[in-house]
Amino acid sequence: MAYASLRECIDDLEKAGKLRAIDAELDADLEVSAVQRRVFAAGGPALLFRNVRGSRFPLASNLFGTKERAYYILRHGLEAARSLLLARLSPGDLVRKPFAAAGAARALTHALPRTVRSGPSLEIASRISELPQVRAWPRDGGAFVTLPQVYTEDPRAPGVMKSNLGMYRIQLTGNDYVVDREVGLHYQIHRGIGVHHAAAIARGERLRVNVFVGGPPAMTVAAMLPLPEGMPEVLFAGVLGGRAIRWSKTDGLDAHADADFVIRGEIAPTLKREGPFGDHLGYYSEEHPFPVLAVHAVTHRTDAVWPFTVVGRPPQEDTMFGELVHDLFGSSVTSVLPGVRAVHAVDEAGVHPLLLAIGSERYAPYTKQARPMELLTQANAILGQGQLSLAKYLFITDAQNLDVHDVRAVFGHVLTRVDPCRDLHFQTHTTIDTLDYSGEALNEGSKLVIATCGEAVRALAAEVPANLSLPGDFGPARVAMPGVLVVRAPRWDASSADRFCASMSGTAIDGFPLVVLTEDEDFASRSLANFVWVTFTRSDPARHVHGVGAFLRDKAWGCTGSIVIDARIKPGHAAPLEDDPKTTRRIESLAVRGGPLAGLFE
C-alpha cells in the first residue's frame, strides 16, 4: 500500500531489511552526518537514529542512498509518474504508446490534493529550538534543514494550482537570527519561489511560506524535481507516491496534513546573512545576505521523525536524486529540444559546472563540411532550458552512437575533433549557479560551449612525452586521460597561466589538446572524478581558459594550440569541505567489531 507517512515508509524498510536502527547515543552536531556519509559511501542501508543527543525526535537518513532503495520507496507511483510526464512533454508518444496513455489517465486519480479539516502535522505546537539541530560540516554556520519542502503560492492567483514546492535550504540557528522567531531561507537563482516572492514584493505584500519536513517520501522527491512549467509539485507528489496528498486548511496558507513537521511564517522585508554551509559542489558556500522567514508557528505530529541528508563533494545521497531526474525526464529531451539526443549533467563535477550533450548536425547534409552549425543552435537551446541554463561548461558533439554518460569517451571524442581556433564559444558576464564561487561575484560568471563534429583530426597522446620541457616553476605533469595533461603550477597569480602558454608554443604538448593547471597534479589525475571536480569547479571560462597561441578575431577568442584551463584555487574561492578529525575518531570507535556501528562502514 502507498505510504501515508514517513513512519510507514521507515517501518516498511526495516521489515524488508533495508534499514538499520541505531540505538547508540550520537550527537546531531557533526556525528550523525559523519555516519551518514560513511554509510552512503559503503552502499549501506537506510538509517534510523533513535538516540540523538539533545533531541526528543528520532532522525532518519540515507533513505534514498541506493538506486535500488529509492525505486523501492517510489514503487507505488513511479510508472504512473513516468506516464504523466510523457503525456505532458510528448503527446505524440502517447498516440504511439496507448498503454502509456492509459497510465497517464490513471495517474491523475491521485493528483489532486484531498482537503481535510486538520491533520497529524498540526497536532502539537513546538519551537524552532526544540527541533533537531543537525550540523553537517565543521564550518557550517548553524543547524540546517537539509530536506525541506518549501511551499508558496502565487499571490496573484492563490491556490495549489499556481503553487511551488522547492527544496531551498533553511538555517535554523546561528548568525543574527532571533532564536525561535527567525530562520534563514536560502534560495538560488532560477527557482520558482523567486517568481512568487517578486510578485509579493510588487504588490507590497509579505510572501507566506510553509516549510514541511518529512511526510510521505514522494513529497520530498517532488520538491527537488525540475518539473515542467505549469505542473505543480504537490499534484505530482500525489502521482509519484500513489496516493493523493492530504491538505489541511489553516489561516493564510494551507499545510501538508501528513508532514512530520510544519514551520509556518512569512518572508520578512529585510535580509540577513546566511551560511556558511557545506554544499554539493564540495566547498563551503560562504555568508551572504538572503531572505529571512519570520516564524509564526511550529507544529509536528505525535510520532514525528526528522529526515535529513548530507550534501558535499559528489557523490552523496543527492546523487540518487539526480538518477531519478534522469529516469523521469531523460526521454523528454528529444521532444523539448529538437535535434538533441541526450544531455548529461556530470554529478562528479557538481552538476551545473559541466554538461555533456549529444546533438545532431543536419543543416547541410549534402556537404562534408565539418564545421558545427546546428549544434550551436542546440547548445543555445540547452542553455536556455530551466536549470540547464546554470551550466558553465557545455561539451556538445553529433556522435549518435556515443553514450553521453561515458564521460571519458565523450572527452576523447571531442578532443580528437576540436578546433580551438573555431569551436570555442563564450558567453561572458552572465549568470551561473549561486553555489559556484569560481565566477566574478555571487551568481555572476561565464559559460563556454565546445562544439565539435566530423572526423577525427588528431591522435591523442597517452603518456607524458620524454622530451616535454616545462617552464622552471611548472611541473611535474601527469596524464589524466588520453589528450588531457595535468600540470603542477605555482601558487596562483594573474599572469602565470599566460606565461605558461607563451612558453609552450611548438612543443611536445601538441598531443594534448587540453591542459589543466593545478596545485596537485597527482590528485587531479588520480581518477576521472578528481579530474572533472578540480577542473570544472575551480575555473570560470572567460577568466581562466587560456591557450597556446591565443588570438582574438572578430571579437571571438581562440587559440592555435592547446586549450589551457587554470584550475588552481584562487582568491575568493570557497574552502573545500573536510571532515572533523575528532568526529571521525569518535564514529570509527563505535564501528569496531561488536560496536553499535559495526559493519556499517564496510
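Just above sits the structure.
A brief report on the enclosed structure follows. (Residues numbered from 1 in each chain as written. Predicted model: local features only at pLDDT ≥ 70, side-chain atom pairs only at ≥ 80, totals over all residues. Heavy atoms only, no water.)

Some thoughts on the layout of surface pockets
Over the atoms rolls a probe the size of a water molecule, and its path tells where empty space is left. The volume enclosed by the second largest pocket comes to roughly 350 Å³. For the second largest pocket, the lining is made up of 18 residues, of which Arg37, Trp137, Arg313, Gln316 and Asp579 are closest to its centre. Of all the secondary structure elements, the ones that give two or more residues to the lining of the second largest pocket are helix 2 (31-41), helix 16 (528-537) and helix 18 (581-590). It is helix 2 that provides the largest number of residues to the lining of the second largest pocket, a total of five residues. Per-class residue counts for the lining of the second largest pocket are nine nonpolar, four polar and five charged. (1 Å grid on protein atoms, 1.4 Å probe; cavity = no way out; pocket = protein on both sides within 12 Å on 5 of 7 lines; lining within 4 Å. Points joined across faces, edges and corners; volume = space filled by probe spheres on them. Helix = DSSP H or I, 4+ residues; strand = E, 2+ residues; numbered from the N terminus. Nonpolar A, V, L, I, M, F, W, Y, C, P; charged D, E, K, R; others polar.)

Some details on the environment of Thr109
Position of Thr109 among the secondary structure elements: in the loop between helix 6 (98-107) and strand 6 (114-116). Counting along the chain gives 133 residues from Thr109 to Gly242, while the straight-line C-alpha distance between them is 9.1 Å.

Overview of the sheet that holds strand 6
Strand order in the open sheet formed by three strands is 6-14-15, and the pairing between neighbours is mixed. Among the strands making up the open sheet, the edge pair consists of strand 6 and strand 15 (255-256). Bridge count between strand 6 and strand 14 (residues 246-248): three bridges; the pairing is parallel. Bridging from a neighbouring strand, Val116 pairs with Ser248 of strand 14. (Pairing = 2+ DSSP bridges.)

Overview of the sheet that holds strand 1 (residues 19-22)
The strand order across the open sheet formed by four strands is 1-3-5-20, and the pairing between neighbours is mixed. Both outer strands of the open sheet, strand 1 and strand 20 (306-307), are each paired with one neighbouring strand and no more. Examined bridge by bridge, strand 5 (residues 59-61) and strand 20 share two bridges and lie parallel to one another. Residue pairing across strands places Leu59 opposite Trp306, the latter belonging to strand 20. Against the sheet, helix 1 (residues 6-15) contacts strand 1, strand 3 (46-49), strand 5 and strand 20, and its axis sits at roughly 105 degrees relative to strand 1. On top of the sheet, helix 2 reaches strand 1, strand 3 and strand 5; it is set at about 160 degrees to strand 3, its chief contact. (Contact = heavy atoms within 4.5 Å. Axes fitted to C-alpha atoms, helices over the stretch in contact; angles between N-to-C directions.)

Points about the packing of aromatic side chains
Scanning all chains against the criterion turns up 19 aromatic pairs. Judged by centre distance (5.0 Å) and plane angle (80 degrees), the ring pair of Phe57 and Phe261 falls under edge-to-face. Here the residue Phe57 occupies a position in the loop between strand 4 (52-53) and strand 5, and Phe261 occupies one in strand 16 (residues 261-274), the gap between them amounting to 204 residues. Classification of Phe57 by relative accessible area gives buried; the value is 5%. Geometrically, the ring pair formed by Phe411 and Phe536 is tilted, given 6.1 Å between the ring centres and 45 degrees between the ring planes. Of this pair, Phe411 sits in helix 13 (residues 407-415) while Phe536 sits in helix 16, and the two are 125 residues apart along the sequence. (Phe/Tyr/Trp six-rings, centres within 6.5 Å; stacked < 30°, edge-to-face > 60°. Buried < 20%, exposed > 50% of the residue type's maximum accessible area, 1.4 Å probe, protein only.)

Comments concerning the packing of helix 2 against helix 18
One way to put it is that helix 2 packs onto helix 18 with a least axis distance of 10 Å and a crossing angle of 70 degrees. Accordingly, the angle class assigned to the pair helix 2 and helix 18 is roughly perpendicular. With respect to the hand of their crossing, helix 2 and helix 18 are arranged in right-handed fashion. Contacts between helix 2 and helix 18 involve Glu31, Ala34, Val35 and Arg38 from the first element and Thr583, Thr584, Arg586, Ile587 and Glu588 from the second. Grouping the constituent residues of the contact of helix 2 with helix 18 by class yields three nonpolar, two polar and four charged. (Parallel < 35°, antiparallel > 145°, perpendicular 65-115°, else oblique. Left-handed = near helix turned anticlockwise from the far one by under 90°.)

Things to note about the pattern of salt bridges
The tally for this structure, following the rule as stated, stands at 36 salt bridges. Across the salt bridge formed by Arg53 and Glu25, the nearest N and O atoms sit 3.3 Å from each other. Remark: Glu25 occurs in the loop between strand 1 and strand 2 (26-27) and Arg53 occurs in strand 4; sequence separation between them is 28 residues. The exposure class of Arg53 is partly exposed, given its relative accessible area of 32%. It is possible to trace a salt-bridge network through shared partners that takes in Glu14, Asp23 and Arg50. (Salt bridge = Lys/Arg side-chain N within 4 Å of Asp/Glu carboxyl O.)

Concerning the pairing of strand 13 (residues 208-213)
When a strand is regular, its side chains alternate between the sheet's two faces. Strand 13 sits mainly inside the fold: five of its six residues count as buried. The pairing of strand 13 with strand 16 spans six bridges and is classified as antiparallel. Counterpart to Arg208 in the pairing with strand 16 is Glu266.

Examining helix 10 (residues 318-329)
Between its first and last C-alpha, helix 10 extends 17 Å over 12 residues, near the 16 Å set by a 1.5 Å rise per residue. Residues Thr319, Met320, Phe321, Leu324, Leu328 and Phe329 constitute the buried set of helix 10. (Expected span 1.5 Å × (residues − 1).)

Regarding empty space enclosed by the protein
Overall, the coordinates contain five cavities of 30 Å³ or more when judged by the stated rule. Its volume calculated, the largest cavity comes out at about 120 Å³. Around the largest cavity, the lining is made up of 15 residues, and of these Tyr3, Pro216, Ala218, Gly241 and Arg243 lie nearest the centre. Estimated volume of the second largest cavity: approximately 70 Å³. The wall of the second largest cavity is formed by Leu281, Tyr283, Leu435, Tyr437, Ser438, Thr537, Arg538, His573 and Ala574. When its residues are assigned to classes, the lining of the second largest cavity shows five nonpolar, three polar and one charged.

Let's talk about the environment of Asn175
Within the secondary structure, Asn175 sits in the loop between strand 11 (170-171) and strand 12 (182-185). Considered as a pair, Asn175 and Val592 are 417 residues apart in the sequence and their alpha carbons are 38 Å apart. Leave out the neighbours within four places in its chain, and Asn175 touches Gly141, Arg273, Glu274, Gly275 and Glu287. Only 2.8 Å separates the side chain of Asn175 from the backbone oxygen of Arg273, close enough to count as a polar contact. Of note is the side chain of Asn175, whose polar atom sits 3.0 Å from the backbone oxygen of Gly275. (Polar contact = N/O pair within 3.5 Å; in protein donor to acceptor, adjacent residues only side chain to side chain.)

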